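# Summary of the model geometry
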Amino acid sequence: MKVPLSWLRDYVDLTGVAVPDLVERLTLAGLEVASVRCVGVPVPEGLRAKAADPGPVWAPDKVVVGRVVKVEKHPNADKLKLVHADYGAAEPRVVVTGAPNVNVGDSGYKVVLGLTGTVYWDGHASPKEMKELKPTKLRGVPSDSMVMSEFELGISEEHEGVIVLGEDEAPAPGTPAVDFMGDVVLEIDVLPNMARCLSMIGVAREAAALFGRAVKLPPHRMRADGAPAEGQVKVEIEDPKLSARYAAALLRGVTIGPAPAWMRRRLTYAGMRPISNVVDVTNYVMLEWGQPLHAFDYDKLRRRAGDKAPTITVRPARAGEVMTTLDNARRELKPEMLVIADGAGPVAIAGVMGGADTEVSATTTNILLESANFDFVSVRRTSRVLDLPSEASGRFSKGIHPEMVALAAERAAELMREYGGATVARGLVDSYPAPLPPQVIDLTMAEVRRQLGTDFPIADAVRVLRALEFAVEETGAGSLRVTTPPHRRDVQAGAADLIEELARVHGYDRLPATLLADELPEQRANRPLELEERLKDVLVNCGLQEVITYSLTEPERDVPTGLGDGDYVRLLNPISSERAAMRHSVLGGVLEVAAANLRHTDDVRLFEIGSAYLLKPGAKLPEEPRRLALVLTGRRDVEFWGAGAERKPVDFFDLKGVLDSVAHDLHLPEVSYRRPQPERVPYLHPGLSAELVVRGRAAGCFGRLHPRYAEKVGLGGRAVLAGELDLGAILTAVPGRYAYEPVPRFEAVLQDVALLVDEDVTAERIAAEIRGAGGDLLRDARLFDLYRGDSIPAGKKSVAYALTYRADDRVLTDKDVSKVHKKIEDRLKSVLKAVIRGKE
């Protein structure tokens, strides 16, 4: 919500309130001022909010009002003109301009004149830059001034013509432009619970309450001299739950033209583009009161009704209905969409956009003005489905009280009468089937103290609530009976909402800090969460970074990890087609993040711990198993200091090493790996993948991403290691306690064993045989070499293990070690048919 302070001051006197103070108090009261835009004026000192797009400052003695005395043709250029402008000095200035809205022979109107030294935006530079106006010659004619455009002054991006001031403002020549056009615009982030402040009057009410001022509401009574509106149009509401109120005003004899200059300027500062007096009035009143309006061409409605009084019906769309909206798009309507219709069909999508068939045009003379209230859920859903966000739908979707309907219609009708020459029909055709009763709440000071933790004087409570336009009656014994005003539909939680208002307006920063009046509950351990946090620490220590991705996806982008199948949990009203279903796997999102990051780096090591969502037959809610997804690609870090050392690409064993570290740090028992069934994990390379098994339970697969799948997710041409694991299978195996071994007293003896074995013998089996033969003296067996090459027979591979021997009660002798070592070699030869290298 963009709030020009010059407009805000129409409704609340802010004399003596500095802009920084206003910004701070609004922000602390829940209306966060995201930025402040200064139009023609310097940035106020002490401003803590961001100053957005600082534009040129209009010096009072350099940017002034000029009255066009005459316009002549430039003697040396067909497209240039000479403007003689009176700016309050003894002689007028001669200014060279090429503006298309200044014509030879013009005189009398007023413009904004920039004299020598004026700072302005130069639109001819790319990108645009600020320049200082200096005397020059344009095609032989001296010129030391400019007729300024909105773009050059930093008002808007409009640079097709110069600013022409309206007769309604008509300041005297020489008046500084900053005095009547300069402004400060607050951009406020309005939260849903503060939706009433999506209007100038809403913000004015807040400012008045915060600074102890009175609100000055604009007149909303219309002068109606025409025939009664009753009988010239009928209004029907099929379901009051979808539309609580619909009012129509009839205006005849409207002259379509530009809105007054002051209104166009206010709309521009508020972020809206002026169009015509009728459209601008509807937008102006929407920004003023927060109630959206829509204007129909009444004669077009009559023609659709067979030259009879049209009947306007608010109803759900019917299956198969279509209509062309104001953006010339043909829309297919669905029964859950609310429409405004006549006997010939829909003429507008309620709260979202009007129809092209009844659009107000330059030839329109009679107007039917709509002011209505629609169900906020219906408007929000329709706007999202049709992808038609707008200022109106944004307000409707947050909820507007039906009491706003009539006063907004009357205010707009009066402005159209005043600035469009309309004759207003007497009375509104107003359908209000079920008026909302005012909400009455009993509030006690004891409850205020309980929730705020401090005493709040009853007199201060009465003052604050009345400043916010609540009706307050003191019922004695520290109690109040409070009646909510019509514009406060957000007060729904009774006393709690009123207490929030007291704290907000009084100032959260002014409430004293107090301790809880109760003891803290006993802290309880959350083992699953603690184990997840510990697992994250292990992965980070392995060099991986955590990411968090969307739980919503589309089935085509999900990864078939083999951990979940069946249909998806689908959203009835997705925010986009790419977020239409709950994911079966976490890995898909991590691969998307990896692909995005690889546009900027060559190395990616990512993980995510999150939930998958699996439909469970017969259950209302899906299962939500926790998963761990891992993605590695790039080159292995250099492990030593060495100039020019080659960094080799990460491979399958890097990812396996990460899982080995996890198993070691979490003290997982009975961890093993096996070949997965390729049909279960088609996203992995069948020869470079493995399945993790913990205590005999499959815990997911990992390995190199299959080239076809890598191409599908935008990672083609790279060696990508990935996997998704069942976190439940891993964490449930973590022992509750484990024993530590004391630091060894005696030195270890290290020996290696290298052997040739058949290609299909796994390292896990070899290690098992070594440990089985090594007995108590063998403390560790670590694979450190795997070799296949010309010197190795076909169908064979060479593996080498580093063996660690140690005894707890003595230093081992060569004889002790040799005996055990030979036993291991014999076991390998007899069981695995291995050949001990270097000995046979």
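Before any of the text, the structure's been laid out above.
Residues take numbers from 1 onward in each chain, read along the sequence in its written order. Given that the model is predicted, a residue must reach a pLDDT of at least 70 before its local features are reported, and side-chain atom pairs must reach 80 or more before they are shown or counted; all residues, however, enter totals for whole chains, interfaces and linings. Hydrogens are left out, water is left out, and the side-chain values use all remaining heavy atoms of the structure.

## A few points about the sheet that holds strand 28 (residues 440–444)
For clarity, the cut-off: For two strands to count as paired, DSSP must find a minimum of two bridges between them. A run of DSSP states H or I qualifies as a helix once it reaches four residues; a run of E qualifies as a strand once it reaches two. Both are numbered from the N-terminal end. Angular values range over 0 to 180 degrees, each being the angle between N-to-C directions of two axes fitted as lines to C-alpha atoms, with helices fitted over their stretch in contact. What makes two residues a contact is simply this: any of their non-hydrogen atoms within 4.5 Å.
The strand order across the open sheet formed by 3 strands is 28-30-29, and the pairing between neighbours is antiparallel. Pairing within the sheet leaves two strands with one partner each, and these edge strands are strand 28 and strand 29 (471–476). Going from strand to strand, the sheet's axes swing by 25 degrees on average, the running direction of each strand aside. Here strand 29 runs beside strand 30 (residues 479–483); their pairing, made up of 5 bridges, is antiparallel. Across the sheet, the residue bridging to alanine 471 is threonine 483, located in strand 30. Relative to strand 30, helix 13 (residues 458–467) is tilted by about 5 degrees, and along the sheet it contacts strand 28, strand 29 and strand 30.

## Topic: the packing of helix 12 (residues 445–452) against helix 14 (residues 495–506)
Working note: a packed helix pair is described by the angle between its axes plus the distance between those axes. We apply this condition: Should an angle fall under 35 degrees it is called roughly parallel, over 145 degrees roughly antiparallel, and 65 to 115 degrees roughly perpendicular, with every other angle called oblique. Left-handed describes a crossing whose near helix is turned anticlockwise from the far helix through less than a right angle; right-handed describes the clockwise counterpart. Three classes are used: nonpolar for Ala, Val, Leu, Ile, Met, Phe, Trp, Tyr, Cys and Pro, charged for Asp, Glu, Lys and Arg, and polar for all others, with Gly counted as polar.
One can describe the packing of helix 12 onto helix 14 by two numbers: an axis separation of 10 Å at closest approach and a directional angle of 70 degrees. Considering the angle they form, helix 12 stands roughly perpendicular to helix 14. Helix-helix and strand crossings are classified by hand; for helix 12 and helix 14 the assignment is right-handed. Contacts from Glu447, Val448, Gln451 and Leu452 of helix 12 reach helix 14 at Ala496, Ile499, Leu502 and Ala503. Its residues assigned to classes, the contact of helix 12 with helix 14 shows 6 nonpolar, 1 polar and 1 charged.

## Let's talk about helix 6 (residues 261–269)
This is how it is decided: Note on exposure labels: buried denotes an accessible area under 20% of the residue type's maximum, exposed denotes more than 50%, and partly exposed covers the range between, all computed with a 1.4 Å probe on protein chains only.
Counting buried positions along helix 6 gives 7 out of 9 residues, so the element sits mostly inside the fold. Listing the buried residues of helix 6 in full gives Ala261, Met263, Arg265, Arg266, Leu267, Thr268 and Tyr269. Phi turns positive one or two residues past the end of helix 6, at glycine 271, with a value near 95 degrees.

## Brief notes about the pairing of strand 28
Side chains Ile441 and Leu443 project from strand 28 onto a buried face, and the interleaved Val440, Asp442 and Thr444 project onto a face without burial. With 5 bridges joining them, strand 28 and strand 30 adopt antiparallel strand pairing. Opposite isoleucine 441, over in strand 30, you have valine 482 as the bridge partner.

## Digging into the nonpolar core
Quick note on the threshold: Buried Ala, Val, Leu, Ile, Met, Phe, Trp, Tyr and Cys residues that are joined via side-chain atoms within 4.5 Å together make up what is termed a nonpolar core.
Grouped together as the largest cluster of nonpolar side chains are 149 residues, with contacts concentrated most on Trp58, Leu186, Tyr246, Leu251 and Ile340. For this core, the leading source of residues is helix 11 (residues 404–420), giving 10 residues. If we ignore the near neighbours within four places in the chain, the residues touching tryptophan 58 are Val39, Gly40, Val63, Leu153, Ile155, Ala177, Val178, Met181, Gly182 and Tyr269. Core analysis: the next-biggest nonpolar cluster, separate from the first, contains 33 residues, Val650, Ile730, Ala733 and Val734 among them.

## Comments concerning the side chain of histidine 821
So the rule is basically this: Polar contacts, as counted here, are pairs of nitrogen or oxygen atoms within 3.5 Å of one another; within protein the pair requires one atom able to donate a hydrogen and one able to accept it, and residues that are adjacent in sequence qualify only if both atoms are side-chain atoms.
Within the fold, histidine 821 resides in helix 21 (residues 814–832). Residue histidine 821 is classed as buried on the basis of its relative accessible area of 6%. Within the structure, histidine 821 has its side chain in polar contact with the side chain of glutamine 751 (distance 3.4 Å). Those residues in contact with histidine 821 that sit more than four places away from it in its chain are Gln751, Asp752, Val753, Leu803 and Tyr805.

## A look at helix 5 (residues 200–211)
Applied cut-off: Expected span, for any helix, means 1.5 Å times one less than how many residues it has.
Between its first and last C-alpha, helix 5 extends 16 Å over 12 residues, near the 16 Å set by a 1.5 Å rise per residue. Two residues or fewer after helix 5 comes glycine 212, characterised by a positive phi angle close to 65 degrees.

## Considering the pattern of salt bridges
Which entries qualify depends on this criterion: Basic side-chain nitrogens of Lys or Arg form a salt bridge, by our definition, when they fall within 4 Å of a carboxyl oxygen of Asp or Glu.
For the coordinates displayed, the defined rule picks out 53 salt bridges. In this structure, the salt-bridge partner of aspartate 816 is arginine 810, at a minimum N-O distance of 3.7 Å. In this structure aspartate 816 comes out as partly exposed when scored by relative accessible area, which is 23%.

## As for the packing of aromatic side chains
Quick note on the threshold: By convention, a stacked pair of Phe, Tyr or Trp rings (six-membered ring in the case of Trp) has centres within 6.5 Å and planes under 30 degrees apart, an edge-to-face pair has planes over 60 apart, and any other such pair is tilted. Distance and angle both matter: a charge sits over a ring if NZ of Lys or CZ of Arg is within 6 Å of the ring centre and within 35 degrees of the ring normal.
Counted under the stated rule, the structure contains 9 aromatic pairs. Measuring from centroid to centroid gives 5.5 Å for tryptophan 262 and tyrosine 284, while their planes differ by 85 degrees, and the two rings are edge-to-face. With tryptophan 262 in helix 6 and tyrosine 284 in helix 7 (residues 277–289), this pair connects stretches of sequence that are 22 residues apart. Cluster of aromatic residues (ring-pair linked, three or more members): Trp7, Trp262, Tyr284 and Tyr419. A cation sits over an aromatic face here: arginine 25 above phenylalanine 211, 5.7 Å from the ring centre.

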